[in-house]
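# Residue-level structure breakdown
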Amino acid sequence: MSGAGEASERHGLGWNALRLVTLCVYIFMFAPIIVVILLAFNSSRSGSFPMEGFSLQWFVKLSENQSIVDAFKTSLVLAVTSSLLATLIGVMAALALIRYSFRGKAVINNVLSLPLLMPEVVLGVALLMFLKFLSMPRSFLVLLVGHTVLSLPYVVLVVQARLIGLRQHYEEAALSLGANRLQTFTAITLPLIAPAVIGGFLFAATLSFDNITATLFWKKPGIETVPTKIFAMLRTSISPEINALGAVMIVITIALPLIGGFMIRRLSRVR
Amino acid sequence: MVKAEHRPYLLLSPALLSLALFLIAPIIFIFAYSFWLRADNGQDIPAFQFGNWQSVLGDSFYWLALRETFVTSAVTTLICILVGYPAAYFLARCRFNNKALLLFLLFLPFWISYIIRTFAWINVLGKNGFVNSVLMSLGLIDEPMKLLYNNFSVIMGLAYFLLPYMIINVYVSLDGIDRNLESAARTLGCTPWQTFREVTLPLSLPGLGAGSLLCFVLAAGSFVTPRLLGGTDTLFYSEQIYDVVIGQLDWPTGSVLSLILLMSLAIVVAVYNRFMSLSDIYRSFAK
C-alpha cells in the first residue's frame, strides 16, 4: 500500500531531517576527494590552502619522477598477475561450491571466507615470518602470493552469486546433447558467467592495486607499489606532488569500475 | 576420466591449497614462534617457553593499547550507526527514479585508493587545511584549531572508510522488509514512530548487526589510518605490531601481539555469531 499516510510521512519534519542527514553523508563522502583534486591544481608549493592559482606543474613534476613511474609499473604488474591467479582459482572453487554437493562444504565455505575478517596486519606478519623461515626472502613473489590469497575470497563470492542465479538447464542440455564437461564449461557456463568473472577480476585487481597494510610487510626494501610510495612520501610532509598523484589515482580508480560496470551491462544485455 | 565424486575436491584444491599454505600454515607458524626463545644475540631459537607471552601479558602498555583500540573502534562504529542508519533509511524509502545512481555515488569513493582517501583528511583537517582556512577566512576563529593528529582525526578517517559498509548492510536489510507489515501496523493504530520502533527497526537488525560487526572488526584491525592521522596520544594495536616486527625485528613478541589481536577479534566475531549469522556478512562483501 502506498496510501495517503505514507505520502504525508514523506513531507514531515522527520523525513526532512533524514534528507538532511543523507545530504551530509554525501558531502562527507565527496568533500575530501574534491579537496585533493582542487589542491592538485594549486600553484602554491606548500601543498595546502589557500589556493594561489591554477597550475599543472605538479602533474608535470609527477611524470618526471622516475620512482613514482616505477611504483606504477610494479603496482600494475602485481595487480594484473595476482588477480588473474585469484580469478582462475576462484572460479574453479565457486563452481565446485555451487554445482556440486559434497561432504565438508560448509566448513570449506567458511575457510574460503577466512581472509575477509582477519586483520591484515596479522596476515602480513604471519606470511612474512613463515616465508622467511622457509628461506623465501621478501620479494615480488611474496607480494604476488599474498595479494592472490587476499583477493581470492572476493572472486569466489562474486562468481558464486552469479552461479546461484544461473539455472542448470543449459548445462544439462549441453551434456545430454553429447558435449563433455570441458566443452560444456567453455561453450555454455563460461560465457554465461563471463560478467561475474570479469567483475571478480576487476574487483581483485582493484584490491591488489589498493592494498597497503599487508604490502608494507611483504615488499622488499626498495621496491614500492603506488600506495607504499605515497605512504613513504607522506612521512616527510604533504607535498603538492602527492595531491597530483592522488588526483591521477582517483581518476584511474573511478574510471576502472565504470568501464567494468559498463562491460558487465553490455555483456549481460547480449545474453 | 575423473570420478564424479572427486570432481568438486579437484576444483577446490588450488584454492584450498593456497589458503592452507599461505594463510593457515603461517598462522600456525607464528603460534609456534610465539614460544621461541629470543637469545641475547638477537637470534630466535626454537623452544617451548612462555617468556614472550608473560612479558606481553604482564605489560600494562599493551593492555592500554588494546583498550584504546577497542574504544576507538566502538566509537567509530557508533558514529557509523547514528549517521548510517538514517541515510540508509532515506535511501531505502525515497522515491528517486535514479536510486541506483544514488547508491552508485555512495560507493564511488569506495573504489578510490584507501591511502588517498586517508591522506585526503590531512588536507581537510590540517593546520592550513580546508576546515581551518574556511573558518579563518570567515572570521569565526582567529587561529587554526588542532583537528589533525589526534583521536578525532583517526575516528573521522575510520568512519570515512567504514560508513559505506554500514549503509549498504542496513539498506539491503531495510529494502527486504515487506512493506505490508508497516502498513498493517499503521492500520492497527500505531504512530509512524511506533511503527518504526516495533516493526521496521527489529526487522532491520540483521543488517545493522552485520554492518556494526564489519565496522568494528575492520576498525580494530586498521593500521594505516591511525598511523597517518593519529598523533602521539593515539595507541593502536596494529601499530604496536608493526613497530615490534618491522622496527625492532622482535619476531617472538610480534607473534604474541598478532595472536592476541587475532584472538580478541575472534572472540568478538564468536559472540556475534552466537546471536546472528556470519554468512550475512560474507554475502555483503559480494554486493
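The structure displayed is predicted, hence computed values, not measured ones. Counting restarts for each chain: residues are numbered from 1 in the order of the written sequence. Chain A is the first chain written and ligand 1 is the first ligand written, with later ones labelled in order. Thresholds applied to this predicted model are a pLDDT of at least 70 for local features of residues and 80 or more for the giving and counting of side-chain atom pairs; totals over whole chains, interfaces and linings are not thresholded and use all residues.

As a further point, take the overall build of chain A. Each helix and strand counted, chain A has 12 helices and 0 strands in total. Listing each helix as α and each strand as β along chain A from the N terminus yields α-α-α-α-α-α-α-α-α-α-α-α. On C-alpha atoms alone, chain A measures out to a radius of gyration of 24 Å, which is more than a quarter above the 18 Å that the 2.2 N^0.38 rule sets for 271 residues. Dimensions of chain A, computed from the C-alpha atoms along their principal axes, are close to 70 × 70 × 35 Å. Residues with at least 20 neighbouring C-beta atoms inside 10 Å of their own are called buried, those with 12 or fewer are called exposed, and the rest are partly exposed, where every C-beta is derived from the backbone. The burial tally for chain A puts 42% of its 271 residues in the buried class. When contacts within chain A are restricted to residue pairs at least 6 apart in sequence, those whose partners lie at least 24 apart make up 76%. Helix numbering and strand numbering both begin at the N terminus, where a helix is a DSSP run of H or I of at least 4 residues and a strand a DSSP run of E of at least 2. Each radius of gyration is computed over the set of C-alpha atoms, and the globule rule expresses the reference value as 2.2 Å times the number of residues to the power 0.38. A pair of residues counts as a contact when their C-beta atoms, built from backbone coordinates, are within 7 Å of each other.

In this description, a line fitted to the C-alpha atoms serves as the axis of each element, helices being fitted only across the stretch in contact, and the angle between N-to-C directions of two axes falls anywhere from 0 to 180 degrees. Put simply, helix 7 (residues 140–164) of chain A and helix 1 (residues 7–33) of chain B touch, their axes get as near as 10 Å, and they point 120° apart. The angle between helix 7 of chain A and helix 1 of chain B falls in the class oblique. The element helix 7 of chain A and its partner helix 1 of chain B pack so that their crossing is left-handed. Only Ala15(B), Ser18(B), Leu19(B), Phe22(B) and Leu23(B) of helix 1 of chain B make contact with helix 7 of chain A, whose side of the interface consists of Val145(A), Gly146(A), Thr148(A), Val149(A) and Leu152(A). Residues are grouped as follows: Ala, Val, Leu, Ile, Met, Phe, Trp, Tyr, Cys and Pro are nonpolar; Asp, Glu, Lys and Arg are charged; all remaining types, including Gly, are polar. Taken together, the residues that form the contact of helix 7 of chain A with helix 1 of chain B break down as 7 nonpolar, 3 polar and no charged. Each angle gets one of four labels, with under 35 degrees taken as roughly parallel, over 145 as roughly antiparallel, 65 to 115 as roughly perpendicular, and the rest as oblique. Definitions for this section: a left-handed crossing has its near helix turned counterclockwise from the far helix by less than a right angle. A right-handed crossing has that turn clockwise.

Here Val245(B) is to be found in helix 11 (residues 237–247). C-alpha of Val245(B) to C-alpha of Ser255(B): the two residues are 10 residues apart in sequence and 8.4 Å apart in space. Leaving out residues up to four positions away in the same chain, Val245(B) has contacts with Val125(A), Trp251(B) and Gly254(B).

The next subject is the interface of chain A and chain B. Each partner contributes to the interface: chain A provides 74 residues, whereas chain B provides 71 residues. Of the residues forming the side of chain A that touches chain B, the biggest block, 14 residues, is contributed by helix 2 (residues 13–40) of chain A. Grouping the constituent residues of the side of chain A that touches chain B by class yields 58 nonpolar, 12 polar and 4 charged.

Residue and element names in this part refer to chain A. Packing of helix 4 (residues 66–99) against helix 9 (residues 181–210) leaves a shortest axis separation of 8 Å and a crossing angle of 140°. When the interaxial angle is binned, helix 4 and helix 9 end up oblique. For the element pair helix 4 and helix 9, the recorded crossing hand is right-handed. Across the interface between the two elements, Ser75, Leu78, Ala79, Val80, Ser82, Ser83, Ala86, Thr87, Gly90 and Val91 from helix 4 touch Val197, Gly200, Phe201, Ala204, Ala205, Ser208 and Phe209 from helix 9. A class-by-class count of the residues in the contact of helix 4 with helix 9 yields 10 nonpolar, 7 polar and no charged.

On to the environment of Val83(B). With respect to the helices and strands, Val83(B) occurs in helix 3 (residues 60–93). Distance in space between the C-alpha atoms of Val83(B) and Leu163(B) is 8.1 Å, their sequence separation being 80 residues.

The next point concerns the domain arrangement of chain A. Residues and elements named next belong to chain A. The assigned domain composition of chain A is domain 1 (4–40) and domain 2 (61–270). The partner domain 2 presents 6 residues to the 5 residues of domain 1 that form the contact. Across the side of domain 1 that touches domain 2, the residue classes break down as 5 nonpolar, no polar and no charged. Boundary definitions for the domains trace back to an automatic or database domain assignment.

The end-to-end C-alpha separation of helix 7 of chain A is 36 Å, in line with the 36 Å expected for 25 residues at 1.5 Å each. Two axes enter the bend calculation: one fitted to the seven residues ending at the residue in question, the other to the seven starting there, and the bend is the angle between them. Its axis deflected by about 35° at Ser151(A), helix 7 of chain A carries its strongest bend there, up to four residues before the proline Pro153(A). To estimate how far a helix should extend, the number of its residues minus one is multiplied by 1.5 Å.

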